[in-house]
Amino acid sequence: MAACSPREEKDWPIIEWNPADIIRPPSNATPPDYALLVLNQPIHNHVGMIKRLWNNASFRIAADGGANCLYDVAGVHSDPSFDDLHVIIGDLDSITQAARTYYEAPPRKTNVIYYRDDYSTDFAKAIEHIRQKYPPSPRGKDIVAVGSLGGRVDHGISQLHHLYLFQQDPDYNEGKLYFFSGESLTFMLKAGRKHSIRVRHGSAGEDDVFAKWVGILPVREPSRITTKGLEWDVTDWPTEFGGQMSTSNHILPETQVVEVEATKDVLFTMSLRQI
């Protein structure tokens, strides 16, 4: 892709993103403040990364059968890595008796909440619970949802749908919502904002959290995007499903901050280095 025309500066509010902070090991800097939400998807292929997310999170919640996934990789092996689970929530039709007994038993005493609503997914119930517990004051808690885009297509599309469903506020006052899917981290860039996404501190090296691949996806409707810091930057570039799309773009080795502007909401996805 090549730039279309000289970049026109817009007087849009700036939204700053520091997604690497949720994954890096804790440091002396201000720790990240987010809730970790585990969905009912296998996690055994990415346990190392999920343990890091788990240890960095300040609140941990499983959506119904998500508790099975944690129990299967740790509880049955007497590994206490995921014992400090605060809440299990949903209609409880997926959680196994073994997982429920494990998490309700001392010393864990996880709070199990039965929430029956046939028109709401367990993913949605968990997000609603987090936002009720941590309302904007002035900004709500960020959420990192752990799921998968493999397997059934409708499940994968549903998980991306929830990013649109629960990231409505253009200023992110309810908190930012990230989706971790094993090999990538995805989040929504709201329209009419200048998004400044810090991808590294200093030059490229072994301490990088992200690999080089980036995608900018206009899932709901066509958009026009402008980028800076990618190998194939564009200016006021039309993108839509069935038309041209920015996939498999590259973060340049010298880039510390990627800048993106979009006229309509788009999903921004970055590949992760495996740990």
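Quick note: structure is the one above.
Let me begin by describing the structure that accompanies this report. The structure presented is a predicted model; accordingly, all values stated were derived computationally and were not measured. (Residues numbered from 1 in each chain as written. Predicted model: local features only at pLDDT ≥ 70, side-chain atom pairs only at ≥ 80, totals over all residues. Heavy atoms only, no water.)

In a beta sheet, neighbouring strands are held together by backbone hydrogen bonds and run either parallel or antiparallel to one another. The ten strands are arranged β5-β4-β3-β2-β6-β7-β8-β15-β10-β13 in an open sheet whose pairing can be described as mixed. Sheet topology places β5 (111-114) and β13 (246-250) at the edges, where each strand pairs with a single neighbour. Pairs of neighbouring strands in the sheet enclose a mean axial angle of 20°, with direction left out of account. Bridge count between strand β8 (residues 184-189) and strand β15 (residues 266-272): six bridges; the pairing is antiparallel. Considered in β15, the bridge of L185 is made with M270. Strand contacts of helix α4 (residues 122-133): β2 (34-38), β3 (59-63), β4 (87-90), β5, β6 (142-146) and β7 (177-180), with the helix running at about 155° to β3, the strand carrying the most contacts. (Pairing = 2+ DSSP bridges. Helix = DSSP H or I, 4+ residues; strand = E, 2+ residues; numbered from the N terminus. Axes fitted to C-alpha atoms, helices over the stretch in contact; angles between N-to-C directions. Contact = heavy atoms within 4.5 Å.)

On to α4, then. Between the first and last C-alpha of α4 there are 17 Å, a value that for twelve residues agrees with the 16 Å anticipated at 1.5 Å per step. Of all twelve residues making up α4, nine are buried, and the element is well covered by its neighbours. Burial in α4 covers these residues: D122, F123, A124, K125, A126, I127, H129, I130 and R131. (Expected span 1.5 Å × (residues − 1). Buried < 20%, exposed > 50% of the residue type's maximum accessible area, 1.4 Å probe, protein only.)

So, about the packing of aromatic side chains. Taken as a whole and assessed by the stated rule, the structure comprises nine aromatic pairs. Note on W17 and F187: the rings are 4.4 Å apart at their centroids and 25° apart in plane angle, and the pair reads as stacked. Taken together, the residues W17 in strand β1 (residues 14-17) and F187 in strand β8 connect sequence positions 170 residues apart. On the basis of relative accessible area, W17 is assigned to the buried category, the value being 1%. Residue class for F187 comes out buried when judged on its relative accessible area of 0%. (Phe/Tyr/Trp six-rings, centres within 6.5 Å; stacked < 30°, edge-to-face > 60°.)

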